[in-house]
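Analysis of the macromolecular model
Residues per chain, in single letters:
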Amino acid sequence: MRIAIVGTGYVGLVTGACLAHLGHDVTCVDKAPERVAAVNRAEAPFHEPGLAEMLSECLVAGRLRASNDGIGVVANSDVIFLAVGTPCRDNQIDLSYLTAAAENVGKGLRRGKRQTVIVKSTVVPGTTDTLIRGILEQTSGLRVGSFGLCANPEFLREGSAVSDFMCADRIVVGQWDEQSGSALANLYGSFECPKLFTTLRNAEMIKYASNAFLATLVSFSNEFAAICEATPGTDVEEVLNAVHLDRRLSYRGDSARRLGILTYLRAGCGYGGSCLPKDVSALRYYARQQKVTPHLLDAVAAVNAARPQQLIALAEKAIGCLRGATVAVLGLVFKPDTDDLRDSQSLIVAKLLQQNGATVRAYDPMISAMDDPAGARICATAVEALTDADAAIIATAWPEFAAWNWAKLCSMMRRQVVVDGRNVLTNTKFPEGVTYIPIGKHFELGHLKEGAIVGR
Ligand code: NAD
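Structural notes, computed from the coordinates. No experiment lies behind these values; they were computed from the predicted model shown.

We now examine the overall build of the protein. Looking only at helices and strands, the protein features 17 helices and 16 strands. Relative to its length of 456 residues, the protein is compact, with a C-alpha radius of gyration of 24 Å against a globular reference of 23 Å. If you line up the protein on its principal axes, its C-alpha atoms span 80 × 45 × 45 Å. Accessible surface for the protein amounts to roughly 19300 Å². Of this, 53% is attributable to carbon and sulfur atoms. One way to put it: in the protein the 46 positive side-chain charges average out to a point 3 Å from where the 47 negative ones average out.

What follows is the structure, encoded as structure tokens:
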């Protein structure tokens with residue numbers, strides 16, 4: 001099948017590369033010329049494990065290319081995906097990229113050849129069958145039915161996007177009519193996972209329900225972390241580990257086979273990234289438009305918004321005062337194995353520290369000084385960030401942090417305080433004199449003066 005993918009970002013490019021890998025003929029379209037040029041050089045414009053290799057393979061085989069001629073590419077395609085960004089502006093979904101992209105797609109649709117347009121971007125219910133359908137009909141001069149229309153939300157996760165796409169757990173096919181749905185199902189013919197054929201609006205809602213569920217688990221865990229931090233004798237790690245062993249969540253006694261969902265049922269500094277925060281916001285706004293007060297989602301967002309402040313409060317409690325202190329923020333991207341800074345909670349931690357008068361030095365294995373996020377000094381190494389620092393805050397759960405020589409690193413700090421905002425160092429042995437503060441565990445100030453280790 002000849003496929004056009006409009007929007008060559010995380011979702012569009014991964015979808016394009018994977019479908020080309022499966023044998024389809026794919027052209028990725030983007031309005032950013034540098035992105036098009038990078039893809040045509042087989043360079044992934046962002047970090048995603050396995051993507052660069054797949055791009056090279058498909059470019060060499062002649063099954064994948066990128067272009068900025070959206071109209072021409074659409075005219076020559078059987079199936080057209082819309083995969084542009086749908087960010088949040090003023091708390092509601094901003095559909096301007098999608099409507100602009102849909103206009104071009106409409107101009108490229110051809111009479112007498114049933115092409116299928118598939119909305120892969122995350123959009124609030126009703127967007128595809130009203131707004132997008134209207135734009136496509138107006139700009140093409142055709143009626144839906146002479147072209148097919150689907151909503152096919154994407155569930156891949158950054159950091160494991162290629163394997164998530166190739167080993168999908170479900171494919172949701174929102175269809176205008178059966179013919180539209182079968183065109184999309186053909187495309188995914190080799191996938192063995194469940195395929196759910198449903199209405200366009202259900203497909204759109206399913207994506208929000210999925211992300212809202214994940215965000216709820218994160219905020220549930222973080223609410224317990226905050227309560228445990230205020231309750232002597234409790235530790236959220238032990239509390240939630242025991243919850244995980246519920247036979248409805250775990251294979252009994254086999255910690256290696258715990259359900260993946262449990263990674264969201266852990267304390268941290270909150271959910272971030274390009275999806276959960278903006279999708280929860282868009283859904284809350286949408287619910288209110290429908291005259292429904294989303295009590296639970298409001299609380300989920302409020303817990304998330306409070307978490308960075310709670311984290312820096314732990315550092316403040318340990319060092320006495322943030323004003324004039326130097327704090328190393330370790331990890332800036334929203335999660336490991338990406339270079340994506342969008343809506344990262346780490347950036348909020350860095351910003352709050354600066355607002356409280358601290359000097360921030362940040363280190364992230366994926367971020368260089370040129371990126372200049374959060375207005376903080378970006379260090380090339382952990383040593384540079386930690387030398388003479390009064391505290392370190394771990395804000396992203398990079399696994400490599402656990403492999404560092406913390407005895408050596410702490411010896412370079414002015415005051416040896418490590419706040420573990422992701423609880424990734426709970427098995428690390430710290431030398432005498434280091435104050436290690438995991439999240440979700442109460443600590444007494446008195447102990448800290450002697451440099452007590454709060455963590456395990
Ligand atoms: P992105 O910002 O990484 O990429 C969007 C791309 O679209 C950019 O390259 C941009 O230049 C391009 N673009 C914008 N307007 C265009 C136009 N008119 N014509 C051509 N190209 C245009 O976005 P993303 O993270 O891939 O997200 C895309 C959609 O998928 C969003 O709705 C998002 O919510 C959803 N989604 C994202 C993820 C994720 O992990 N990133 C996962 C599931 C779903």
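This part is about the site of the ligand. V11, D30, T86, E158 and K278 are the nearest of the 25 residues found near the ligand. K31 places a polar main-chain atom, nitrogen or oxygen, 3.3 Å from a nitrogen atom of the ligand. Between a nitrogen atom of the ligand and a side-chain N or O atom of S274, the distance comes to 3.3 Å. Contact with the protein chains hides 89% of the accessible area of the ligand, taken as 840 Å² for the molecule alone. Counting only elements with at least two residues in the shell around the ligand, the list comes to α1 (10-21) and α5 (96-108).

With the rule as written, the count across this model stands at 24 salt bridges. When the shortest N-O distance is used, the salt bridge between E57 and R63 registers 3.5 Å. On the basis of relative accessibility, which here comes to 32%, the residue E57 falls in the partly exposed class. Salt bridges here are not isolated pairs; linked through shared partners, they connect R133, E137 and R143.

Moving on: the packing of aromatic side chains. Overall, the coordinates contain ten aromatic pairs when judged by the stated rule. Aromatic side chains F165 and F191 sit 6.0 Å apart centroid to centroid with 90 degrees between the ring planes, which places their arrangement in the edge-to-face category. Note that F165 is positioned in helix α7 (residues 161-166) and F191 in the loop between α8 (178-187) and β10 (195-198), a separation of 26 residues in sequence. For the pair F165 and F191, a shared accessibility class is recorded, and that class is buried. Each ring, one from Y188 and one from F191, has its centre 5.4 Å from the other, and the planes form 90 degrees; the classification is edge-to-face. Comparing Y188 with F191, the two get one shared label, buried. Between R170 and the ring centre of F155, over which it is positioned, the NZ or CZ distance is 3.8 Å. Over the ring of F443 we find K317, and its NZ or CZ is 4.3 Å from the ring centre.

For the rest of this paragraph, the subject is the side chain of T127. Position of T127 among the secondary structure elements: in helix α6 (residues 127-140). Using a relative accessible area of 4% as the deciding quantity, one classes T127 as buried. Within the structure, T127 has its side chain in polar contact with the backbone oxygen of V124 (distance 2.5 Å). In this structure T127 touches L95, L98, I132 and E204, once residues within four positions along its chain are discounted.

The next thing to look at is α1. The terminal C-alpha atoms of α1 lie 16 Å apart, and with twelve residues this matches the ideal 16 Å at 1.5 Å per residue to within 8%. Taken across its twelve residues, α1 has ten buried, putting it largely inside the fold. Looking at α1, one finds that the buried residues are Y10, G12, L13, V14, T15, G16, A17, C18, L19 and A20. Following α1 by one or two positions, G23 has its phi on the positive side, about 110 degrees.

This paragraph deals with the nonpolar core. In this structure, V329, L330, L353, L386, I393, W406 and V418 are the most contacted members of the largest nonpolar core, which totals 60 residues. For this core, the element with the most residues is helix α12 (residues 295-319), which contributes six residues. Apart from the residues within four sequence positions on either side, V418 is in contact with A392, I394, W406, C410, L425, F430, V434, T435, Y436 and I437. V73, L82, Y208 and A282 belong to the second largest nonpolar core, which has 37 residues in total.

Turning our attention to the pairing of strand β1 (residues 2-6). Of all the five residues making up β1, four are buried; the element is thus mostly covered by neighbouring parts of the structure. As for the winding sense of the linkage, the β-α-β connection from β1 through α1 to strand β2 (residues 25-29) is right-handed. Both β1 and strand β4 (residues 79-82) contribute to a ladder of four bridges, which runs parallel. By the bridge assignment for β4, A4 is matched with I80.

Our focus in this paragraph is the state of the cysteines. The tally for this structure, following the rule as stated, stands at zero disulfides. Of all cysteine sulfurs, the one in C275 lies closest to C88, which takes part in no disulfide; the gap is 12 Å. A relative accessible area of 28% places C88 in the partly exposed class. This cysteine, C150, is not joined by any disulfide, and C193 carries the nearest cysteine sulfur, 15 Å off.

Conventions and cut-offs
Residues numbered from 1 in each chain as written. Predicted model: local features only at pLDDT ≥ 70, side-chain atom pairs only at ≥ 80, totals over all residues. Heavy atoms only, no water. Helix = DSSP H or I, 4+ residues; strand = E, 2+ residues; numbered from the N terminus. Rg over C-alpha atoms; globule rule 2.2 N^0.38 Å. Areas by Shrake-Rupley, 256 points an atom, 1.4 Å probe, with all protein chains shown as cover. Lys, Arg positive; Asp, Glu negative; His and termini not counted. Charge placed at Lys NZ, Arg CZ, Asp CG, Glu CD. Near = heavy atom within 4 Å. Polar contact = N/O pair within 3.5 Å; in protein donor to acceptor, adjacent residues only side chain to side chain. Salt bridge = Lys/Arg side-chain N within 4 Å of Asp/Glu carboxyl O. Buried < 20%, exposed > 50% of the residue type's maximum accessible area, 1.4 Å probe, protein only. Phe/Tyr/Trp six-rings, centres within 6.5 Å; stacked < 30°, edge-to-face > 60°. Lys NZ or Arg CZ within 6 Å of the ring centre and 35° of its normal. Contact = heavy atoms within 4.5 Å. Expected span 1.5 Å × (residues − 1). Core = buried A, V, L, I, M, F, W, Y, C linked by side-chain atoms within 4.5 Å. Right-handed = clockwise from strand over helix to strand, strands pointing away. Pairing = 2+ DSSP bridges. Disulfide = S-S within 2.5 Å.

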